[in-house]
Amino acid sequence: MFDLPTIWAGLLALAIFIYVVLDGFDLGIGIVFPFLKSDSDRDVAMNSVAPVWDGNETWLVLGGGGLMAAFPLAYAVVMPALYAPFIIMILALVFRGVAFEYRWRDKAHEKIWDRSFFYGSLIATFCQGIVLGAFVQGIEVDGRAYGGGWWDWLTPFTITCGIALVAGYALLGATWLIMKTEGELRETAYRYAKLSAVATLGFVGIVSLWTPFLSPEIAERWFTFPQLLFVLPVPTLTAILAVILGWGLIKKKDQVAFPTSIGLFALCFLGLGIGISPYIVPRAITIQEAAAPDSSLLFMLIGALILLPIIIGYTAFTYWVFRGKVDPEAGYH
Amino acid sequence: MLEALDAVLLARIQFAFTVSFHIIFPAFSIGLASYLMVLEGLWLKTDNPVYLRLFKYWRKIFAVAFGMGVVSGIVMSYQFGTNWSVFSDKAGPVIGPLMAYEVLTAFFLEAGFLGVMLFGLGRVSNTLHFTSTIMVAFGTVLSATWILSVNSWMQTPAGFGINEVGQFVPESWIEIIFNPSFPYRLVHMVLAAYLTTAFVVGAVGALHLLRDRQNPEARTMFSMAMWMAAIVAPLQVVAGDFHGINTYEHQPVKVMAMEGHYNSYPEGAPLYLFGIPNEEEQQLDLAVGVPKLSSLIIKHDLNAPMKGLDTVPDDLQPPVPIVFWSFRIMVGIGMLMVLVGFVSVFLRWRRKLYDAPLFHRAAMVMGPSGFVAVLAGWITTEVGRQPYTVYGHLMTSDSIAPVEAPAVAASLIAFIVVYFTLFGAGTLYILRMMNKTPGEGPPLPQTPTRAAGTTQLAAQRPDLLPAE
């Protein structure tokens, strides 16, 4: 039942989900960054993620490295298929990553690095949405290589996914700021959290309704009778979480909105998984076909089972050290 | 066909460009993380505030360098797929798990504890903070260990089979990880990283000594750096020699290119100090060499016969001029480093280490030498592996992704523009920070007390708080 490729597909999905949540809120802060009112608000917003952003982005490296290691064929097909969005995403991440240090080192050009942080975050997020959309809509495969054209990834559906993810990450970023800050910055965060919550839920609806029309195979999973009973909890829970999120934002419960938003992401992720499995390159290559030999998977699994709990442990420790509302006076700069 | 060839060349240039930029930052941060660990340890042991000021001084520089290393590293982890997807598909089952281990054991460790190291002083106990610094330093070395195992496997593959779809499949992980060239390459690279950092630290110390010979921070860092040069540079020569012998054993063609041996020498091969490799005629023009020295160095026998490139078909030879020259640049710099180390010991013995402006100027000139040597060394070994990606088993031209030349060219241009702009700015900021006199700022209390709790600490030692 649970053979090595399936376990690895699950572990990779987990790694990607952790990445989406963790880098999601810190990319989200980049997206709402220019809308913050004062320089000191921007300082605090950036300092709220400065100690953790490297760690967050490491999950992306694990996603890429893990895909290559566990499913080399999938990696070899997906990367050339999504050549442009991946390259642009990586470059955008460079722009925002360097801003964390540079903006403190060069006060004369602070505005340039603020822009680098914003556009870098925005474009990286948009490209991740495109990658996600292109992945769901399917990738053409020829033999052991990508068989489609260079612009296959650019469709109305993928663009919609790109915008949807921008809204979603903005929601994570704004609700993180609600949890981590005080005063006027918290008020601003509430305003943008509400806006992005409405946008996110709207896009979740649109993408969810659109996806089944991309392929009869997906539609069958969602709209035929016995399966329907298994998948129905996903939209139901989504609706419940949406209500809790709305309540938390209106009643200003600082600790509610962020975890609820993560919950929403988890459900969307699950919904996506339902549409995709058992493929790793949708409707072209299955998990089993792409898997590396068992000897590779087993060797890695031993390490992952020992190391992942340790990693999660010390990552949690770092978050705990920097817990609570951010002190506007703190920061080592 | 011509177009495919262009894409291969462009993809090679792109990989060479992005990896060369990337290696600069780890080469520096591996050494600097260990240096920070030593500084913090000395501060905790001696209570001497000079060490704390130096720790804070270099920590800021480390943060910028490390950030650049992280973002340029993300590029690498995706470049395998975008441009070299066939290589990834084939070699993934062997090298993928090693890289996954690098992420799991090293990257998370570095990134996880970096936050505490940068922002945690005053928030957590000194012991916990020092532990975090140790973890960051340990993580950088561990990361080097895994990635050098990967690279070494590509140079001297072992412990694998090939399955029906042409993938390399692991048969013995011990043989894969500890492949024949790995121990030599690892030692050579880690020492190179330490030397690179030592010469940067030494140059910064020298700069501030030239401005003020009494500056205690400048004296301390210069002295520490020169000890490193004096001890590690000669060790590196020995390590390099072992590495060379190992290369001759497993990749003799690379050594032929390094040595400029177009011809075979049945009665002892000369060591060429200078020459201009002539690929057309397959000979070394204007060669100046010491007879039989190459045989002595590599085979420890003056008359040992050595084969030359005349025994290797043209299409299996690496580009000789690049390998020949980059090797000479690396060795030349190594010799200069040894010289600096010797002179520093002499000056220290004469008690003139801090009063030798000419030597301080020389140390400043040598500041970036480690980076040049590291790049030259990597060019030697990587270009010397050509025309293979997995030596002897997978040709570079068979490793490329099905990408078209315009796509690779466009992304190459984007990388060049972005890297030069952003990493140029970062380098400028690092140089500015190095230009600031160490030890300036609010004075520290003369006899620091160790406080147990963070709040107490904040009250008693405001200078320890993260804010500066």
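Residues numbered from 1 in each chain as written. Chains lettered and ligands numbered in written order. Predicted model: local features only at pLDDT ≥ 70, side-chain atom pairs only at ≥ 80, totals over all residues. Heavy atoms only, no water.

Chemist: Got a minute to help me understand the overall build of chain A in this structure?
Modeler: Tallying secondary structure elements over chain A gives 14 helices and four strands in all. The C-alpha radius of gyration computed for chain A amounts to 20 Å, which stays within 12% of the reference 20 Å derived for 333 residues, consistent with globular compactness. Seen along its three principal axes, the alpha-carbon backbone of chain A occupies a region of about 55 × 40 × 40 Å. Expressed as a percentage of its 333 residues, the buried residues of chain A come to 60%. (Helix = DSSP H or I, 4+ residues; strand = E, 2+ residues; numbered from the N terminus. Rg over C-alpha atoms; globule rule 2.2 N^0.38 Å. Buried < 20%, exposed > 50% of the residue type's maximum accessible area, 1.4 Å probe, protein only.)

Chemist: Looking at this structure, I do not really get the environment of A233(B). What am I missing?
Modeler: All names here are of chain B. The residue A233 is located in helix α7 (residues 216-250) in this model. On the basis of relative accessibility, which here comes to 2%, the residue A233 falls in the buried class. C-alpha of A233 to C-alpha of Y57: the two residues are 176 residues apart in sequence and 25 Å apart in space. Ignoring any residue separated from it by four or fewer positions in sequence, one finds A233 in contact with L195, M228, M337 and V338. (Contact = heavy atoms within 4.5 Å.)

Chemist: What exactly am I supposed to notice about the packing of helix α2 (residues 49-82) of chain B against helix α13 (residues 405-435) of chain B here?
Modeler: How two helices sit against one another is set out by the angle between their axes and by the gap between those axes. Residue and element names in this part refer to chain B. In the contact formed by α2 and α13, the axes pass within 9 Å of each other and the chain directions differ by 165°. Classified by the angle their axes make, α2 and α13 are roughly antiparallel. In the packing of α2 onto α13, the handedness of the crossing is left-handed. Contacts between α2 and α13 pair Y57, W58, K60, I61, V64, A65, M68, V71, S72, V75 and Q79 from the former with F415, Y419, F423, G426, T427, I430, M433, M434 and N435 from the latter. Across the contact of α2 with α13, the residue classes break down as 14 nonpolar, five polar and one charged. (Axes fitted to C-alpha atoms, helices over the stretch in contact; angles between N-to-C directions. Parallel < 35°, antiparallel > 145°, perpendicular 65-115°, else oblique. Left-handed = near helix turned anticlockwise from the far one by under 90°. Nonpolar A, V, L, I, M, F, W, Y, C, P; charged D, E, K, R; others polar.)

Chemist: Would you take a moment to explain the confidence of the model for chain A for this structure?
Modeler: Where the model shows low pLDDT, its predicted coordinates should not be examined in detail. Counting all residues, the mean pLDDT for chain A is 88, and 98% of those residues have values of 70 or more. Taken element by element, the predicted model of chain A shows its lowest mean pLDDT in helix α10 (residues 225-231) of chain A (75) and its highest in helix α7 (residues 156-180) of chain A (94). (pLDDT = per-residue confidence, 0-100.)

Chemist: What's the story with the packing of aromatic side chains in this structure? I'm lost.
Modeler: The geometry of an aromatic ring pair is captured by two quantities: the separation of the ring centres and the angle between the planes. Within this structure, the stated rule accounts for 49 aromatic pairs over all chains. Here the aromatic rings of F322(A) and F119(B) are separated by 6.4 Å at their centres, their planes lie at 85°, and the arrangement is edge-to-face. Taken as a pair, F322(A) in the segment after α14 (294-321) and F119(B) in helix α3 (residues 85-119) lie in two separate chains rather than in one. Each member of the pair F322(A) and F119(B) is classed as buried. Aromatic side chains W153(B) and F168(B) sit 5.5 Å apart centroid to centroid with 90° between the ring planes, which places their arrangement in the edge-to-face category. With W153(B) in helix α4 (residues 126-155) and F168(B) in strand β2 (residues 168-170), this residue pair connects regions lying 15 residues apart in the sequence. By way of ring pairs, the aromatic residues F17(B), F21(B), F25(B), F415(B), Y419(B), F420(B) and F423(B) are connected into one cluster. Over the ring of W104(A) we find R103(A); its NZ or CZ atom is 5.1 Å from the centre of that ring. Directly above the ring of W320(A) sits R323(A), whose terminal nitrogen or CZ lies 4.0 Å from the centroid. (Phe/Tyr/Trp six-rings, centres within 6.5 Å; stacked < 30°, edge-to-face > 60°. Lys NZ or Arg CZ within 6 Å of the ring centre and 35° of its normal.)

Chemist: Where do I start with the packing of helix α6 (residues 182-211) of chain B against helix α11 (residues 357-365) of chain B in this structure?
Modeler: All names here are of chain B. Relative to each other, α6 and α11 sit at 145°, their axes nearing to 8 Å. As α6 packs across α11, the resulting crossing turns out to be left-handed. Residues A203, A206, L207, L209 and L210 of α6 form the contact with α11, whose own contacting residues are P357, H360, R361, A363 and M364. In the contact of α6 with α11, the residues fall into eight nonpolar, one polar and one charged.

Chemist: Help me understand the interface of chain B and chain A, please; the structure alone is not making it clear to me.
Modeler: A common way to express how large an interface is: the accessible area buried when the components associate. Across the boundary between the two partners, chain B contributes 73 residues, which contact 61 residues of chain A. Contact between chain B and chain A buries roughly 6,200 Å² in total, counting both sides, with carbon and sulfur atoms accounting for 76%. It is Y78(B), F108(B) and F119(B) in chain B that bury the most area against chain A; as a group they hold 13% of the surface buried on that side. Inspection of the chain B/chain A interface yields two salt bridges. (Buried area = accessible area lost by both parts, 1.4 Å probe. Salt bridge = Lys/Arg side-chain N within 4 Å of Asp/Glu carboxyl O.)

Chemist: Hey, could you run me through the pairing of strand β3 (residues 271-278) of chain B in this one?
Modeler: Look at any regular strand and the pattern is simple: side chains alternate between the two faces of the sheet. Relative to strand β4 (residues 283-290) of chain B, β3(B) runs antiparallel, the two being bridged by six bridges. The residue bridging L271(B) from the neighbouring strand is V290(B), located in β4(B). (Pairing = 2+ DSSP bridges.)

Chemist: Quick question: what am I supposed to make of a nonpolar patch on the surface here?
Modeler: Taken together, the side chains of L273(B), F274(B), I276(B), L286(B), V288(B), V290(B) and W325(B) make up a nonpolar region of the molecular surface, amounting to roughly 610 Å² of accessible area. Of all the secondary-structure elements, those providing two or more residues to the nonpolar patch are β3 and β4 of chain B. (Patch = residues over 30% accessible without salt bridge, like charges linked within 9 Å, V, L, I, M, F, W, Y side chains within 5 Å. Areas by Shrake-Rupley, 256 points an atom, 1.4 Å probe, with all protein chains shown as cover.)

Chemist: Looking at this structure, how should I read the nonpolar core?
Modeler: Side chains of a nonpolar character, in soluble globular proteins, are inclined to be buried together. By size, the foremost hydrophobic cluster in this structure holds 199 residues, and its most contacted members are W59(A), F71(A), W58(B), W153(B) and F423(B). Looking at which element gives the most residues to this core, the answer is α2(B), with 20 residues. Residues in contact with F423(B), not counting those within four places in the same chain, are V94(A), V98(A), Y102(A), F21(B), F25(B), M68(B), V71(B), S72(B) and V418(B). (Core = buried A, V, L, I, M, F, W, Y, C linked by side-chain atoms within 4.5 Å.)

Chemist: Can you help me understand a negative patch on the surface in this one?
Modeler: Residue and element names in this part refer to chain B. Residues E279, E280, E281, D314 and D315 make up a contiguous surface patch of negative charge. Checked against the element boundaries, D314 lands in the loop between α9 (293-299) and α10 (320-349). The class of D314 is exposed, set by a relative accessible area of 56%. (Lys, Arg positive; Asp, Glu negative; His and termini not counted. Charge placed at Lys NZ, Arg CZ, Asp CG, Glu CD.)

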